[in-house]
Amino acid sequence: MASVFTHAFVGTALGQTVTGEWRHDWRFWSLLVGSSVLPDIDALGLRVGIPYGALWGHRGMTHSLLFAAILAGGLSLAFGKVFRPRWKLALLLFAATASHGALDAMTTGGLGIAFFSPFDQHRYFFPWRPIRVSPIRPGAFLGERGIRIIANELVWVWFPTLAFLILIKAAQVWRRPQASLNGSLAAPSSPPDVEP
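Here is a short report on the structure shown in this document. Bear in mind the structure is a predicted one, so any value in this text is a computation, not a measurement. Each chain carries its own residue numbering, running from 1 in the written order of its sequence. Per-residue local features are limited, in this predicted model, to residues with pLDDT of at least 70; the limit for side-chain atom pairs, both in listing and counting, is 80 or more; totals at the level of whole chains, interfaces and linings are taken over all residues. Side-chain measures here rest on the full set of heavy atoms in the structure, leaving out hydrogens and waters.

1. Some thoughts on the pattern of salt bridges
To be explicit about the condition: Only one rule defines a salt bridge in this text: a Lys or Arg side-chain nitrogen within 4 Å of an Asp or Glu carboxyl oxygen. A simple rule labels every residue: compare its accessible area, found with a 1.4 Å probe on the protein chains alone, to the largest value its type can have, and call it buried under 20%, exposed over 50%, or partly exposed in between. Working definition: helices are DSSP H or I runs of at least four residues, strands are E runs of at least two. Numbering for both runs from the N terminus.
A full pass over the atoms with the stated rule returns 3 salt bridges. Among the salt bridges present, the one from Arg-27 reaches Asp-25, with a minimum N-O distance of 2.7 Å. Residue Asp-25 is classed as buried on the basis of its relative accessible area, which comes to 14%. Arg-148 is the salt-bridge partner of Glu-144, the closest N and O atoms lying 3.1 Å from each other. Residue Glu-144 and its partner Arg-148 are both found in helix α6 (residues 144–185); the two are separated by 4 residues, about one turn of the helix.

Rendered as structure tokens:
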């Protein structure tokens, strides 16, 4: 798996693509970060004897696209009155949750990701796997291995994600002057008051 820090970073980055009031609500950020790290809840199964390769094992059902869709749909229904339109929230939450499996499919270890679980139990990796597999135990980041993993993720995830965000922000800034310029060139909706 990629580290919990990187999963949370990607969830936060997805939230940066949104403009408007949502950005000022801590619940929005909590939903995105929580959705991006939640699939690793299945790691708890290792402690109670669920085999790694089982349906509910690590990188199994909770890393699937179906799980991402169910989680996103449920959370968008629960928070739909706060964050409208619901479809936009659902799409962001789906992307945040699904990003977890996508990042893990680019790692150098593990059994792969059951993207299509429960319909297909096959575990998949992407052909390109530059991300070093991260330890499950948080304490493992305190040593040299943890430093190497974070440095690797900075190169392969954080810096490209930041470059992508810069492009998104530039496009948003570029669109604002265009929109205001188009608005100023539009014909007035009613003629000005002019005395004859």
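Here the narrative resumes.
2. Describing helix α4 (residues 65–78)
Spelled out, the test is: For a helix, the expected span equals 1.5 Å multiplied by the residue count minus one. The arc refers to the directions leading from the helix axis to the C-beta atoms. Contact criterion: two residues are considered in contact whenever any of their non-hydrogen atoms come within 4.5 Å of each other.
Its 14 residues place the ends of α4 20 Å apart at the C-alpha level, agreeing with the 20 Å of an ideal helix rising 1.5 Å per residue. Turning to α4, its buried residues number three or more, namely Phe-67, Ala-68, Leu-71, Ala-72, Leu-75 and Ser-76. Axial view of α4: buried residues confined to an arc of 150°, hence all on one face. Facing away from the buried side of α4, by more than 90 degrees, are the exposed residues Ile-70 and Leu-77. In this structure, the buried side of α4 is in contact with α2 (26–37) and α5 (86–104).

3. What about a nonpolar patch on the surface?
In plain terms, the rule: Patch definition: residues above 30% relative accessible area lacking any salt bridge, with like charges linked at up to 9 Å and the nonpolar side chains Val, Leu, Ile, Met, Phe, Trp and Tyr linked at up to 5 Å. Accessible surface is estimated by sampling points in the Shrake-Rupley manner with a 1.4 Å probe; for residues, cover comes only from the protein chains shown.
Residues Trp-128, Val-155, Trp-156, Phe-159 and Leu-162 make up a contiguous nonpolar surface patch of about 520 Å² in total accessible area. For Val-155, the position within the fold is in helix α6.

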